[in-house]
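So you can see what is in the structure, the chains are spelled out below.
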Amino acid sequence: MTEKTKDSAVYLDIDKRIFETVIKPLITKELIEEHRMNPIGKHSENLGLVLRYFRRHHEQLEGKDVIICTKPEEEWHLGEYPGERGKRPTIFLDESFDSVEAAEHGLFLKRLKKYGVEV
């Protein structure tokens, strides 16, 4: 294991503990509803903490969830970043949204599910 890989593993382990002890207890049905009602814009302190946690994983670009606009002002899909420069992201065509706000909430729900949070 290289030093960089070891550092990354330590970082991810600490990050996982932060999720379990700090972030996960903040996620309630009320917080999810707050996001559904206003996925873009000013949020409560707790929702802001949760969103910043989900968005900051710069160590894990491969497989990172993204929103992809497939028809300007009409259609958005969720996708997955390949983690390599020059490669196109995978687009999940079975998940379609008619607004960027709906796509943002869909992405939020997907991230919650990915982290094992029941929604």
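Note that the structure is predicted; figures quoted are calculated from it, not measured.

A. Examining the environment of T2 more closely. Checked against the element boundaries, T2 lands in the segment before helix 1 (3-23). We classify T2 as partly exposed; its relative accessible area is 47%. Sequence-wise, T2 and Y53 are 51 residues apart; in three dimensions their C-alpha atoms are separated by 26 Å.

B. Region of the structure containing the sheet that holds strand 2 (residues 75-80). The three strands are arranged 1-2-3 in an open sheet whose pairing can be described as antiparallel. Either end of the sheet is taken by a strand with one partner, and the two such strands are strand 1 (65-71) and strand 3 (90-97). Sheet twist, expressed as the average angle between the axes of neighbouring strands with direction ignored, equals 35°. Here strand 1 runs beside strand 2; their pairing, made up of six bridges, is antiparallel. Its bridge partner lying in strand 2, I68 is registered against H77. Relative to strand 1, helix 4 (residues 100-114) is tilted by about 150°, and along the sheet it contacts strand 1, strand 2 and strand 3.

C. Just the packing of aromatic side chains, in detail. In the structure shown here, the tally under the stated rule is seven aromatic pairs. Ring plane angle 65° and centroid distance 6.1 Å describe the contact between Y53 and F54, whose orientation is recorded as edge-to-face. Here the aromatic rings of Y53 and Y115 are separated by 5.9 Å at their centres, their planes lie at 70°, and the arrangement is edge-to-face. In this pair, Y53 is assigned in helix 3 (residues 45-55) and Y115 in the segment after helix 4, connecting sequence segments 62 residues apart. Through successive ring pairs, a cluster of aromatic residues spans F19, Y53, F54, F108 and Y115.

D. Focus on helix 2 (residues 29-37). Taken together, the buried positions of helix 2 are occupied by L31, I32 and H35. Projected onto a plane normal to the axis of helix 2, the buried residues spread over an arc of 100° and lie on a single side. Exposed and oriented more than 90 degrees from the buried face of helix 2 are K29, E30 and M37. Buried positions along helix 2 lie against helix 3 and helix 4.

E. Quick peek at the pattern of salt bridges. Per the counting criterion, the structure on display carries seven salt bridges. Residues D13 and R17 are paired through a salt bridge, measuring 2.4 Å at the closest nitrogen-oxygen approach. A residue pair is termed a helical-turn pair when its members lie 3 or 4 positions apart in one helix, as D13 and R17 do in helix 1 at four residues. Judged by relative accessible area, which is 36%, D13 ranks as partly exposed. Here R36 ties to E33 by a salt bridge, and the two come within 2.6 Å at their closest N and O atoms. Placement of both R36 and E33 in helix 2 is noted, with a separation of three residues, approximately one turn of the helix. Look at the salt bridges and you will find they share partners, linking D65, K110 and K114 into a network.

Criteria and thresholds
Residues numbered from 1 in each chain as written. Predicted model: local features only at pLDDT ≥ 70, side-chain atom pairs only at ≥ 80, totals over all residues. Heavy atoms only, no water. Helix = DSSP H or I, 4+ residues; strand = E, 2+ residues; numbered from the N terminus. Buried < 20%, exposed > 50% of the residue type's maximum accessible area, 1.4 Å probe, protein only. Pairing = 2+ DSSP bridges. Axes fitted to C-alpha atoms, helices over the stretch in contact; angles between N-to-C directions. Contact = heavy atoms within 4.5 Å. Phe/Tyr/Trp six-rings, centres within 6.5 Å; stacked < 30°, edge-to-face > 60°. Arc of directions from axis to C-beta. Salt bridge = Lys/Arg side-chain N within 4 Å of Asp/Glu carboxyl O.

Interpretation in functional terms is not warranted from these geometric data alone.
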